[in-house]
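Here are the chains, one letter per residue:
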Amino acid sequence: MRDSKDKQLGMDRRITRRDFLNGVALTLGAAIVPSSLFLACERHLEPEQSPDYYPPALTGLRGSHPGSFETAHSLRDGSFWQHAGTPADTGESYDLVIVGGGLSGLAAAHFFRKAAGPQARILILENHDDFGGHAKRNEFHVANRTLLGYGGTYSIESPAPYSDVAKGLISELGIVVGSYAKYVSRDLYRSLGLTPNIFFNKETFGTDKLVVDPASLGGTETGDRVGQTAERWQKFLAEAPLSAKAKRDYDRIYHEQKDYLPGLSSDQKKARMARMSYAKFLTDVVRVDGEVVKVLQAGPHPLFGVGIDAVAAQDAWGMGFPGFAGMHLDPTPGKGMNRDAIYNEEAERYFFHFPDGNASIARLLVRKLIPGAIPGNSAFDVVTARANYAKLDQRGSPARIRLNSTVVRVKHNGDPSTAKEVEITYARFGKTYTVRAAHCILACWHVMIPYLCEELPGKQKQALYSAAKVPLLYTNVAINNWEAFQKLGVSSVYAPGCYHTAATLDAPVSIGEYHATESPDQPIVIHMMKTPCQPGLPARDQHRAGRIELFSTTFETMERNIRDQLVRTLGPGGFDPARDITAITVNRWPHGYAYEYNSLFDDFWLEGGETPCEVARKQFGRISIANSDAGAYAYTDEAINQAWRAVGEITKA
Ligand SMILES: Cc1cc2nc3c(=O)[nH]c(=O)nc-3n(C[C@H](O)[C@H](O)[C@H](O)COP(=O)(O)OP(=O)(O)OC[C@H]3O[C@@H](n4cnc5c(N)ncnc54)[C@H](O)[C@@H]3O)c2cc1C
């Protein structure tokens, strides 16, 4: 049975889906390398030097790809040093070593170079095979056409306005955020009659059914939101596979002007809503049918990584979820609101999406640091420029980026208060090496830092541990054409019960020589998103469960789920996964968004006082700490702000 279903889904099709680079499967973690493969690796210790080394074009399991995390996990499990030999001294010495080549690490290198001068010697160590961290570029080549996708960070945007520092860096890179309207065909999908839809799946709602989404719950990423019209509401209410009561309740929460907490002041209501989940608000206060909760459950996934069971009603109000129109709430943000839920008009306008997301920012930063690595000289030509990875780590270059290198120890040579240098040890393809530096910035994930830096005070380590990130899957599926989307009138699909809760046609953005697909008979990328979580648990536990799920699910299972979901959603429009899918890249981020404080679970966020991220990011001797975790805020601007702060700590002396 499984075999014939798999055949229909196209599981046997020869699409590009596996991680191979330079002829060597990228499963090179020190702890897991079989001896035969290890010998192969020995001959490939500098794979980045090969002209074929080009990670953006790899498909299959990307993000935290095989080979990137095994060393870190063996360090966490206490087994790394049992197998590691004595580290080899590279003899290299730098002014600054940065751990982590994400936007924070790259921005830190940029700021430091500006302060210390162009000859400052900087080394960035990054455990992945590509730079950029979450700002990840995915490339596909379909029918003589290059398609770009974002494997992580989607856009320049932030609910809080960009700081002067962050804005300054964006502008220094040549990005004119205000010009975005020139590059995006904002009306393309609407002009073809495509709008956001909801897919009700059989397992959750009793039947598979695609229905117009009258409130554009999921339609954010392509800019395909449409106004709520009476016609769309009627269609939804007629076709949605919900009970009559659930339909009435769904309609009611969007249109009823009722105060569900009468007798309380606005502040009292907000205080109560800050400690009550939105799901509880809907069931216990508004008293809606359970099916309504199921429809809305995954609504906050893209921002919070959890559903409405773990998002405060106050935050749901801030994000524009229904049920609050008659509550007479003062528009000022309430205590304990998440920044994602606080609307800011200035921030709303500061938006720019490159076809590869903020990977373009990473590439612009790399080009500034190592001019030969990426040809060109503008924020336009960077979109199609092919990076030359062989240039990233060259002897003689003041700034160097060493990929496939997991830092396993950072310690002062001597007493941290007086030491003149820091020794950094990293593992690369099964061997360990040391370098020295006058300063070190840890721009990596905070949960990793206590394992690297034994010297840190216990309180700081605890704070660092508490920054466990939000797991996510950002999946890109390249398809031959999007005629099924056109036939069904669909631009994006919100699928609250499915494996991926969102599927969206790529945003039609053309920059420089890159031209977005504008006709349904041409290839395109579908972007799908999943936030694995376990409703009912506290947010951090949900994230932990989701992280385990992502690490333990095979690519084959993910691929089967993707094909199954797409055919069930789009099959009625003629979509055939065996025929139409040409490549799949799953960007797996078990350590995704920085954890943002949540009034349901983090009392300090409501009550005030020092937050864990403030404790975590304290400078220690010659070690400073950056990353978006240092601000507990999962946005690019925070990665930049924290880089600026960390560099300031070093250069102020
Ligand atoms: C899927 C996704 C989508 C997002 N979308 C947006 C968006 O649209 N807009 C926005 O503003 N923000 C977005 N964010 C958040 C934004 O991407 C981040 O805030 C920002 O990119 C973080 O940069 P960073 O350098 O702090 O961390 P990271 O990008 O995580 O970089 C840190 C790097 O350090 C590396 N590292 C960790 N440990 C070690 C070690 N021991 N040795 C060597 N290297 C190590 C990591 O592998 C990683 O590459 C998104 C995040 C995710 C996960």
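Note that the structure is predicted; figures quoted are calculated from it, not measured.

Undergrad: Can you lay out the site of the ligand for me, pointing to particular residues and giving the numbers?
TA: Around the ligand, the structure places 35 residues, and the nearest of them are Ser104, Asn127, Thr153, Trp445 and Thr636. A distance of 3.1 Å separates an oxygen atom of the ligand from a polar atom in the backbone of Tyr635. Within the backbone of Thr636, an N or O atom sits 2.8 Å from an oxygen atom of the ligand. Alone, the ligand offers 990 Å² of accessible surface; in the complex the protein occludes 98% of this. Of all the secondary-structure elements, those providing two or more residues to the shell around the ligand are helix H5 (103–116), strand S11 (406–412), strand S14 (470–479), strand S18 (581–593) and helix H26 (636–651). It is S18 that contributes the most residues to the shell around the ligand, three residues altogether. In terms of residue class, the shell around the ligand is built from 16 nonpolar, 17 polar and two charged.

Undergrad: Help me get a handle on the packing of aromatic side chains, residues and values and all.
TA: Inspection of the entire model under this criterion finds 34 aromatic pairs. Where Tyr633 meets Tyr635, the ring centres are 4.8 Å apart and the plane angle is 45°; that geometry is what we call tilted. Assessed through its relative accessible area of 1%, Tyr633 is described here as buried. By the ring-pair criterion, three or more aromatic residues cluster together here, those being Tyr150, Tyr154, Tyr180, Tyr183, Phe351, Phe352, Phe354, Phe380 and Tyr474. A cation sits over an aromatic face here: Lys167 above Tyr350, 5.5 Å from the ring centre.

Undergrad: Can you lay out the environment of Asn480 for me, pointing to particular residues and giving the numbers?
TA: Its location among the elements puts Asn480 in the loop between S14 and helix H20 (483–488). Taking relative accessible area as the criterion, Asn480 reaches 30% and is therefore assigned partly exposed. With 338 residues separating them along the chain, Asn480 and Val142 place their C-alpha atoms 7.4 Å apart. Not counting chain neighbours up to four residues away, the residues in contact with Asn480 comprise Val142, Asp521, Gln522, Pro523, Arg579, Asp580 and Thr582. Here Arg579 takes part through its backbone oxygen, which lies 3.0 Å from a polar atom of the side chain of Asn480.

Undergrad: An account of unusual backbone geometry is needed here, citing residue identities and associated values.
TA: Even without glycine at this site, Arg287 takes up a positive phi of about 60°. Along the chain, Arg287 falls in the loop between helix H12 (278–285) and helix H13 (290–296). Of note, the phi angle at Asn404 is positive, near 55°, even though the residue is not glycine. Following the sequence through the fold, Asn404 ends up in the loop between strand S10 (399–402) and S11. We classify Asn404 as buried; its relative accessible area is 9%.

Undergrad: Tell me about the sheet that holds strand S17 (residues 524–530), and please be specific about residues and values.
TA: Taken in spatial order, the eight strands line up as S3-S18-S14-S17-S16-S15-S8-S9 in an open sheet, and their pairing is mixed. Edge positions in the open sheet fall to strand S3 (60–63) and strand S9 (209–212), since each of these has one partner strand only. Each strand axis lies, on average, 25° off the axis of its neighbour in the sheet, ignoring direction. With seven bridges connecting them, S14 and S17 associate as antiparallel partners. Considered in S17, the bridge of Ile479 is made with Ile524. This element, helix H9 (residues 230–239), spans strand S8 (195–200) and S9 of the sheet and lies at about 160° to S9. Along the sheet face, helix H21 (residues 539–552) touches S14, S17 and S18 and points at about 145° away from the line of S18.

Undergrad: Please set out the packing of H5 against H26 residue by residue, giving values where relevant.
TA: The geometry of H5 relative to H26 is characterised by a closest axis approach of 8 Å and an angle of 40° between their N-to-C directions. In terms of orientation, H5 and H26 fall into the oblique class. Considering how the two elements wind past one another, H5 and H26 form a crossing that is right-handed. On H26, the residues that touch Leu103, Ser104, Ala107, Ala108, Phe111, Phe112 and Ala115 of H5 are Thr636, Ala639, Ile640, Ala643, Trp644, Val647, Ile650 and Thr651. In the contact of H5 with H26, the residues fall into 12 nonpolar, three polar and no charged.

Conventions used here
- Residues numbered from 1 in each chain as written.
- Predicted model: local features only at pLDDT ≥ 70, side-chain atom pairs only at ≥ 80, totals over all residues.
- Heavy atoms only, no water.
- Near = heavy atom within 4 Å.
- Polar contact = N/O pair within 3.5 Å; in protein donor to acceptor, adjacent residues only side chain to side chain.
- Areas by Shrake-Rupley, 256 points an atom, 1.4 Å probe, with all protein chains shown as cover.
- Helix = DSSP H or I, 4+ residues; strand = E, 2+ residues; numbered from the N terminus.
- Nonpolar A, V, L, I, M, F, W, Y, C, P; charged D, E, K, R; others polar.
- Phe/Tyr/Trp six-rings, centres within 6.5 Å; stacked < 30°, edge-to-face > 60°.
- Buried < 20%, exposed > 50% of the residue type's maximum accessible area, 1.4 Å probe, protein only.
- Lys NZ or Arg CZ within 6 Å of the ring centre and 35° of its normal.
- Contact = heavy atoms within 4.5 Å.
- Pairing = 2+ DSSP bridges.
- Axes fitted to C-alpha atoms, helices over the stretch in contact; angles between N-to-C directions.
- Parallel < 35°, antiparallel > 145°, perpendicular 65-115°, else oblique.
- Left-handed = near helix turned anticlockwise from the far one by under 90°.

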